[in-house]
Amino acid sequence: MENRRSESNAGVRRGSACGVNGARIWADGADPVRPIRLHPALSAVHRLHPHPLVHLRELAQLATMENRYQPEDSRSWDIMADFATLALAAPQPYTFASVSDHGWAALAPCRWDADTATLERIERLDRGEVVLLRLQAAVEEETDIAVEIEAAGALQDEDLTEIAAKVRRMLKLDEDLSGFYARAQEHPTIGPTVRVGRGRLLRSPTLFEDTVKTICTTNITWSQTKAMVMRLVAALGDPYPGDPTRRAFPTAAQVAAAEPAFFDAAVRMGSVSYTH
């Protein structure tokens, strides 16, 4: 039987972030520290423990002691403006690894890292800000999913509410699948799989994105689908300020504004009559 838990956020952590050559240490909003420039040795330590909840204060203390190591060119430091972590509760049983049970995790603007069991996504917020979302199984008690958010601008409370709603839709956390689990857990083949919480396949934050991606799977190989979606995102999506090579999925308005021939020439989606 599926155990429905609270649909509200289990918690929010706020802070600022700084980093060197791609490695970052996070200033926890509950115990803030000033942005710190890290010695390369500390950056290496952080890369071994990239989750902001792992050894956060220890790294901050080390960085404080080592802050005499400054680069000659301060412009080489990559400083993000804002960071937050949402802790979301999920109905039980639930296994976060379910997001990799379907190919959507491999389609831009998502990236699935099997080694760390982390799903990354570049997301455009309603107000136009483009942020990086990093989803993992949460390590804190009483929560199931940690959603880390990196933003170049200050995050508003409305942004966090929007992101929480989008992630809950992506992971199908608010869908009542109790009937399915009650039947499937006794099945001799799929029972062991669903009993550990698999079954909630990943989808996009919007029906529009899911529809476009479904079109991109029609009469084509999977490798071509991935390439087609990547080209569409690269051509029309808004860039993420922290890494302009990564872009959000284009909005319906951005897609509608493109000339019909564009989808054949640039995205290679097929004939105009088929895609437009």
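Residues numbered from 1 in each chain as written. Predicted model: local features only at pLDDT ≥ 70, side-chain atom pairs only at ≥ 80, totals over all residues. Heavy atoms only, no water.

**Student:** Break down the side chain of Glu 162 for me, with residues and values.
**Tutor:** In this fold, Glu 162 is placed in helix H3 (residues 157-170). If near-sequence neighbours (up to four positions away) are discounted, Glu 162 is found in contact with Arg 124, Leu 125 and Asp 126. (Helix = DSSP H or I, 4+ residues; strand = E, 2+ residues; numbered from the N terminus. Contact = heavy atoms within 4.5 Å.)

**Student:** Got a sec to walk through the pattern of salt bridges? Specific residues and values, please.
**Tutor:** Following the criterion strictly, the structure yields 16 salt bridges and no others. Arg 121 is paired through a salt bridge with Glu 123; the nearest N and O atoms lie 2.6 Å apart. As far as burial versus exposure is concerned, Arg 121 and Glu 123 are alike and both buried. Glu 148 serves as the salt-bridge partner of Arg 134, at 3.1 Å between the closest nitrogen and oxygen. Here Arg 134, found in strand S6 (residues 130-137), pairs with Glu 148, found in strand S7 (residues 145-151); they are 14 residues apart in sequence, far enough to count as distant. (Salt bridge = Lys/Arg side-chain N within 4 Å of Asp/Glu carboxyl O. Buried < 20%, exposed > 50% of the residue type's maximum accessible area, 1.4 Å probe, protein only.)

**Student:** Any chance you could break down the pairing of S6 for me, citing the residues and the numbers?
**Tutor:** The buried count for S6 comes to 7 of 8 residues, which makes it a mostly enclosed element. Pairing of strand S5 (residues 118-124) with S6, which is carried by 6 bridges, proceeds in the antiparallel orientation. Across the sheet, Ile 122 pairs through a bridge with Leu 132, a residue of S6. The sheet contact formed by S6 and S7 spans 6 bridges and is antiparallel. The residue of S7 that forms the bridge with Arg 134 is Glu 148. (Pairing = 2+ DSSP bridges.)

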